[in-house]
Amino acid sequence: MSRADESPALHDRTLLGPDRPVAVRAEGCWVWDRDGRRHLDATSGAFCVNLGYTRPDLVEAMTRAAELLPHARPSLFDNEEAEAYRSELLAAAGTPFSRVLLTSSGSEAVEAALKIALAYQRAVGEPNRTKIRSLAGHYHGATLGALAVTGWDERRRPWETRLGARLEGLPQEGDRCAAFIAETIPVAGLGVEIPSPGESALRRAACDRDGALWIADEVLTGFGRAGSLFAWERVAEASDADGGAVPDLVVFGKGAGAGFAPLAGVLISGRVADAIESSADARFAHHQTHGGNPIACAVGRAVLRALRDEGWFARARAMEAPLRAALLAGVAVLGSRVRAFGAMAAATWEPRGAGPPGHEAAQFVTLSRERGLVLHAATAVADAVCVAATPPFSFGEEELLELTRRVAEAAATTSRGT
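As the structure is a prediction and not an experimental result, all values here were calculated from the model. Counting from 1, residues in each chain are numbered in the order their sequence is written. Reporting in this predicted model follows two pLDDT cut-offs: at least 70 for local features of residues, and 80 or more for side-chain atom pairs to be given and counted; totals over whole chains, interfaces and linings ignore these cut-offs and use all residues. The side-chain quantities take in all heavy atoms of the structure and omit both hydrogens and water.

A.B. asks: Quick question: what am I supposed to make of the pairing of strand β10 (residues 264-269) here?
C.D. replies: In the case of a regular strand, side chains alternate between the two sheet surfaces. β10 sits mainly inside the fold: six of its six residues count as buried. The two faces of β10 match: A264, V266 and I268 on one face and G265, L267 and S269 on the other face are all buried. In this scheme, strands are said to pair when DSSP sees at least two bridges between them. Under the scheme used here, helices are H or I runs from DSSP no shorter than 4 residues and strands are E runs no shorter than 2 residues, and both carry numbers assigned from the N terminus. Here six bridges tie strand β4 (residues 97-103) to β10, and the two strands are oriented antiparallel to one another. Paired with F97 across the strands is S269, a residue of β10. Each residue is placed in one exposure class: buried if its accessible area under a 1.4 Å probe, protein chains only, is under 20% of its type's maximum, exposed if it is over 50%, and partly exposed if it falls in between.

Next comes the structure, spelled out in structure tokens:
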């Protein structure tokens with residue numbers, strides 16, 4: 001009998017199958033399971049433990065907030081931690097953002113952003129603008145509304161009959177879209193696909209011509225992962241053509257709470273917030289049980305302080321070349337393409353053997369896990385295999401050497417089809 005057969009949990013489908021290890025503790029970049037095995041976590045948990053495991057300052061922030069006020073129902077109370085976090089996040093994000101809506105997961109934040117876009121269109125006299133456009137391979141969340149705008153077929157396919165058709169590509173003039181949503185840098189499905197110079201400007205111009213809002217999904221790439229608070233800032237910094245290309249809404253999550261607390265939300269530009277708040281016909285409410293939770297916001301404030309004071313943006317940028325080199329050396333046998341941006345790198349290659357879509361990605365994850373290495377792998381667009389490493393920013397020389405060695409071993413076995 002497998003461990004899953006004894007578990008009361010729903011036997012959900014994962015790349016590892018039902019017999020996932022049971023984690024019991026973690027430190028730095030390492031996780032120990034119940035059987036005493038040590039795993040090198042090269043994915044920062046679910047892409048969120050950006051600052052590493054077991055930081056005392058984050059534990060202290062959680063404890064202090066829990067002792068004072070563990071919960072405040074958002075529809076009845078604001079709370080001081082949420083007030084302070086919104087102000088500090090807006091100060092860090094800068095112009096043109098003037099409002100923050102807080103949720104507890106990236107999927108919920110995407111849903112909220114879509115609702116904000118619809119409310120904005122009602123506020124400016126366009127209530128019939130309800131279409132949302134998105135891009136192939138981009139992932140926006142596990143809930144049905146977020147999946148409806150997701151272009152990653154592997155995640156959409158099981159629910160296609162409920163989701164309906166997805167509108168592909170940038171808004172066209174006269175399209176009358178409510179919004180366009182895209183990951184600034186799609187990682188999980190497309191393997192760190194870096195925008196070409198001028199691409200952000202094209203998104204901005206296309207939305208402006210049609211009257212649609214541009215929603216930048218930064219759930220995975222925010223809070224230092226790209227070497228800046230948000231990836232769209234670094235993309236704009238790198239290209240003169242993109243310098244004035246700023247999204248209307250920025251969806252964030254994951255790294256906002258550093259894996260210590262569920263914290264996510266939407267940054268809202270001033271023009272969008274002003275339109276909604278000045279319209280009697282576009283009243284907007286989006287209250288969720290744990291939106292703006294005091295404990296989560298206390299952690300979020302500590303994360304912002306660490307990013308500001310400890311040099312993590314520079315560290316993430318410095319990781320770009322060694323992470324790329326580690327994956328390139330490790331999977332060269334597969335003839336793969338490797339891309340890196342900040343503290344994220346990914347290899348993609350065409351499947352080498354027989355089997356259904358996703359078989360080789362699942363095999364690679366399993367082979368890596370057998371070697372004590374945690375990686376993300378998926379079947380991307382056109383059934384290419386995508387393997388990504390997005391480690392904590394504290395990933396050092398020892399961890400890079402281990403990553404290179406263990407990826408090479410897994411790749412060699414994959415190439416033999418065993």
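A.B. asks: Just to check I follow, could you spell out the packing of aromatic side chains for this structure?
C.D. replies: Here is the rule: rings of Phe, Tyr and Trp (six-membered ring for Trp) pair when centre to centre is within 6.5 Å. Planes less than 30 degrees apart are stacked, more than 60 are edge-to-face, and the remainder are tilted. Using the criterion set out here, one finds six aromatic pairs in the structure. With a centroid separation of 6.3 Å and 65° between ring planes, the pair formed by F97 and W232 is classed as edge-to-face. On the criterion of sequence distance, the pair formed by F97 in strand β4 and W232 in helix α9 (residues 231-238) is long-range, its members being 135 residues apart. The exposure class assigned to F97 is buried, which follows from its relative accessible area of 8%. Take W232: its relative accessible area is 9%, and that puts it in the buried class. One aromatic cluster is present, built from ring pairs that chain together F223, F230 and F252. Look at NZ for Lys and CZ for Arg. If either is within 6 Å of the ring centre and within 35 degrees of the ring normal, a charge sits over the ring. In this structure, R38 is placed above the aromatic ring of W30, and the distance from its NZ or CZ to the ring centre is 3.5 Å. Over the face of the ring belonging to F341 we find R234, whose NZ or CZ atom lies 4.3 Å from the ring centre.

A.B. asks: So what exactly am I meant to see when it comes to the sheet that holds strand β9 (residues 249-252) here?
C.D. replies: Through backbone hydrogen bonds, the strands of a sheet pair up, either in parallel or in antiparallel fashion. Reading across the sheet, the seven strands line up as β4-β10-β9-β8-β7-β5-β6 and stay open at both edges, with mixed pairing between neighbours. On the outer flanks of this sheet lie β4 and β6 (167-168), each paired with one strand and no other. For β9 and β10, the ladder comprises four bridges, and the chain directions are antiparallel. The partner of V251 across the bridge, within β10, is V266. We call two residues contacting when some pair of their heavy atoms lies within 4.5 Å. Axis definition: a line fitted to C-alpha atoms, over the contacting stretch in the case of helices. Angles run 0 to 180 degrees between N-to-C directions. Relative to the sheet, helix α4 (residues 106-123) contacts β4, β5 (131-134), β7 (177-183), β8 (213-217), β9 and β10, its axis offset from that of β9 by approximately 165°.

A.B. asks: Explain unusual backbone geometry to me, please; I cannot follow it from the model alone.
C.D. replies: Most peptide bonds take the trans form, and the phi angle of most residues other than glycine is negative. In the segment running from T95 into P96, the intervening peptide bond is cis, with an omega of 10°. When you line up the elements, P96 lands in the loop between α3 (80-93) and β4. You will see that V192, though not glycine, has its phi angle at about 55°, which is positive. Using a relative accessible area of 0% as the deciding quantity, one classes V192 as buried.

A.B. asks: Where do I start with the environment of F284 in this structure?
C.D. replies: Within the secondary structure layout, F284 lies in the loop between α10 (270-277) and α11 (294-309). Note on F284: relative accessible area 28%, which makes it partly exposed. As a C-alpha pair, F284 and P247 span 37 residues in sequence and 20 Å in three-dimensional space. Not counting residues up to four positions away in its chain, the partners in contact with F284 are L101, A112, K115, I116, A119 and I276.

A.B. asks: Would you mind showing me how to read α3 here?
C.D. replies: Helical geometry note: an α-helix holds 3.6 residues per turn, so side chains three or four residues apart project in the same direction. Expected span, for any helix, means 1.5 Å times one less than how many residues it has. Look at α3: 20 Å from first C-alpha to last across 14 residues, which is about the 20 Å you get at 1.5 Å a residue. Restricting attention to buried positions, one finds in α3 the residues E81, A82, A84, Y85, L89, L90 and A93. Where α3 is buried, its residues meet β4, α9, β9, β10 and α11. In the stretch just after α3, G94 is the one whose phi turns positive, near 75°.

A.B. asks: Please clarify how the sheet that holds strand β11 (residues 337-340) should be interpreted in this entry.
C.D. replies: Across the sheet, which stays open at both edges, the four strands sit in the order β11-β12-β15-β14 with antiparallel pairing between neighbours. Looking at which strands have only one partner, the edges of the open sheet turn out to be β11 and β14 (376-379). Recorded for the sheet is a direction-independent mean angle of 20° between the axes of neighbouring strands. Pairing geometry for strand β12 (residues 345-349) and strand β15 (residues 385-389), over five bridges, is antiparallel.

A.B. asks: Just to check I follow, could you spell out the side chain of R225 for this structure?
C.D. replies: By the secondary structure assignment, R225 is in the loop between β8 and α9. The charge count includes Lys and Arg as positive and Asp and Glu as negative, but it does not include His or the ends of the chains. Take a side-chain nitrogen of Lys or Arg and a carboxyl oxygen of Asp or Glu: if they are within 4 Å of each other, that pair is a salt bridge. One buried charged residue, R225, remains without a salt bridge, the closest side chain of opposite sign being D41 at 8.5 Å. In this structure the side chain of R225 is engaged in a polar contact, spanning 2.7 Å, whose partner is the side chain of N50. Among all residues touching R225, those that are not within four sequence positions of it are S44, F47, N50, L220, A316, F341, G342, A343, M344, T390, P391 and F393. Whenever two N or O atoms come within 3.5 Å, that pair is a polar contact, provided that in protein one can donate a hydrogen and the other can accept it, and provided that, for residues adjacent in sequence, both atoms are side-chain atoms.

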